[in-house]
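Here is what each chain is made of, one letter per residue.
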Amino acid sequence: MTTRFANMLKALAIVILAVTISACEDETERKTYGNWFQTYSYFPGVPRGGAVCFQLTVGDTLCAFIGTGANTNKTEEQERFRDFYMVCLNSEGRPSWTARYEKLYSETDSAKAETTQKYYKENVPYNIAVASMPREAAARNGAVGFSINGKGYVGLGYDGENYLNDFWCYDPKTNSWEQAPTYPGDAVRYAVSFVIDDVAYVGCGEDYDNNILGDFYKFDGKTWTAVQSIGVPRTRATSFVCHVDGKAYGYVFGGSNGGPTESFQRYDPETNTWQSLRNCKDQSFDTFDDAYRDLARYGATAFVVDDGTDDCRAYVTMGTTLAGASATTWQYNPKYDYWMPRGNFEGSFRIFSVAFTLHGDLDGRGARDVSYITTGASNDMTVTGSGGTFYNETWAYEPQAFRETRD
């Protein structure tokens, strides 16, 4: 071997080593961005999964309302709920729940017989909700919730026996509910919804005969109108809204139909069309999607937060993948249709939790959007006494912080 050839091999080895180290460092860095931390602010109702969330401005303050859901470890008359609790940010920028520490009454007993079981986290009785749906509205899980025109809406879902197609409207000014127009599609549970320009879009889900659906309808607060079907039926999916070049699109991610759904679509309300985006799987020779084998999932939680970047960013966390339960968190860039792994969720794994985003000065670190998740279950909620663990803690997510920032 000549000296020149040996030197060339050494130089090539150094280049390969440098590239490998750089790639490993980049991979490590991108996976550790995104920090989850426990806020020690607990959902004040019975721990549950399959709840819904909508956000409304109360006075001058944006708040989130979380309610309905199920806890199948409870007795039959209390396994599903219609209560709602309000959470806003306090002066320290931390989530603060509004609820009255009183007795919770049986949802099915017209005489309102008191229950005696104590609220396990703070050793006080269960709380009466800020705003419970009326008794004419069935307690349910697997519903959808959204807000349009300054009011909150809740509908669809499963009451333990029946699949539902009713909708109810909450007015924060009067703290009261009234029935809204009925959903024109089949009675379903585990549908999805998103809102663009004060119009709600609702679709997908599963009906009583286990049919997986893909039809969609829009609702302006008065009238339901059919829109283009998504084309890929699914249930237990996740939805969010992102802006690309100033235009809002609705996204439907994951879900299940005989297994985790790999297809990913976005809806354009101006053209009433669905566009298929990159599938959530490793399908190319490029390296960007090598980790996508852990991306497709159902029962996940999604949220959108302004993290200081030029374009919208969405986040999806937890849920069930083809390999089973997952605590991974993924960031989505809608402009380039690209997913990036972020710091794993640091609490107990769960599905069917809810998320909300509020703007405030968290611990004096500057006013910004912070996203939170709360509630959730360790497994599906179908049969009374089916077991599982149900959660009530509230976790916050900082997308631009390293994972161990507050650990």
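Residues numbered from 1 in each chain as written. Predicted model: local features only at pLDDT ≥ 70, side-chain atom pairs only at ≥ 80, totals over all residues. Heavy atoms only, no water.

Re the state of the cysteines
Then comes step 1: Under the definition given, this model contains two disulfides.
Then comes step 2: The disulfide partner of C242 is C312, and the S-S distance across this bridge is 2.2 Å. Judged by the sign of its S-S torsion, about -55°, the cystine formed by C242 and C312 is left-handed. Of the two residues, C242 sits in strand β16 (residues 238-244) while C312 sits in the loop between β20 (301-304) and β21 (314-317), which places them 70 residues apart along the sequence.
Then comes step 3: A relative accessible area of 14% means that C312 is categorised as buried.
Then comes step 4: With its bonded cysteines labelled in order along the sequence, the chain shows the pairing 1-2, 3-4. (Disulfide = S-S within 2.5 Å. Helix = DSSP H or I, 4+ residues; strand = E, 2+ residues; numbered from the N terminus. Buried < 20%, exposed > 50% of the residue type's maximum accessible area, 1.4 Å probe, protein only.)

Things to note about the pairing of strand β18 (residues 264-268)
Then comes step 1: β18 sits mainly inside the fold: five of its five residues count as buried.
Then comes step 2: Both faces of β18 are covered, namely the face carrying F264, R266 and D268 and the face carrying Q265 and Y267.
Then comes step 3: Of the strand pairs in this sheet, strand β17 (residues 247-253) and β18 are connected by four bridges, and their pairing is antiparallel. Residue pairing in the sheet places Y251 in a bridge with R266 of β18.
Then comes step 4: Both β18 and strand β19 (residues 273-276) contribute to a ladder of four bridges, which runs antiparallel. (Pairing = 2+ DSSP bridges.)

With respect to the nonpolar core
Across soluble globular proteins, nonpolar side chains show a tendency to be buried alongside one another.
Then comes step 1: F240, Y251, F253, F264, Y332 and W339 are the most contacted members of the largest nonpolar core, which totals 20 residues.
Then comes step 2: Going through the elements one at a time, β16, β17, β21 and β24 (329-333) are the ones with two or more residues in this core.
Then comes step 3: Not counting residues up to four positions away in its chain, the partners in contact with Y332 are F240, Y251, F264, L277, C312, R313, A314, D337, Y338 and W339. (Core = buried A, V, L, I, M, F, W, Y, C linked by side-chain atoms within 4.5 Å. Contact = heavy atoms within 4.5 Å.)

A word on the side chain of R80
Then comes step 1: On the secondary structure map, R80 appears in the loop between β3 (61-67) and β4 (84-89).
Then comes step 2: Looking at R80, its side chain comes within polar contact range of the side chain of N141, at 2.7 Å.
Then comes step 3: One polar contact links the side chain of R80 to the main-chain carbonyl oxygen of Y158, over a distance of 3.5 Å. (Polar contact = N/O pair within 3.5 Å; in protein donor to acceptor, adjacent residues only side chain to side chain.)

So, the sheet that holds strand β25 (residues 338-342)
Then comes step 1: Taken in spatial order, the four strands line up as β20-β21-β24-β25 in an open sheet, and their pairing is antiparallel. The open sheet is flanked by β20 and β25, the only strands paired with a single partner. Between one strand and the next, the sheet's axes are offset by a mean angle of 25°, whatever the strand orientation.
Then comes step 2: Direction of pairing for β20 relative to β21: antiparallel, over a ladder of four bridges. Residue pairing for β21: F303 is matched across the bridge by Y315. (Axes fitted to C-alpha atoms, helices over the stretch in contact; angles between N-to-C directions.)

Section: the environment of W224
Then comes step 1: By secondary structure assignment, the location of W224 is in strand β15 (residues 224-227).
Then comes step 2: Those residues in contact with W224, other than ones at most four positions away along the chain, are F167, P181, T182, Y183, P184, V202, Y217, K218 and F219.
Then comes step 3: Polar contacts involving the side chain of W224 include one to the main-chain carbonyl oxygen of P181, which spans 3.1 Å.
Then comes step 4: Reaching out from W224, the side chain makes a polar contact with the backbone oxygen of T182 at a distance of 3.5 Å.

Let's talk about the pattern of salt bridges
Then comes step 1: Across all of its chains, the model carries ten salt bridges by this definition.
Then comes step 2: Residue R48 is joined to D83 by a salt bridge in which the shortest nitrogen-to-oxygen separation is 2.7 Å. Of this pair, R48 sits in the loop between β1 (33-42) and β2 (52-58) while D83 sits in the loop between β3 and β4; the two residues are 35 residues apart in sequence, bridging distant segments of the chain. Each member of the pair, R48 together with D83, is buried.
Then comes step 3: Of the charged contacts in the structure, one is a salt bridge between K247 and D268, with a shortest N-O distance of 2.7 Å. Here the residue K247 occupies a position in strand β17, and D268 occupies one in strand β18, the gap between them amounting to 21 residues.
Then comes step 4: Overall, the relative accessible area of 10% leaves D268 in the buried class. (Salt bridge = Lys/Arg side-chain N within 4 Å of Asp/Glu carboxyl O.)

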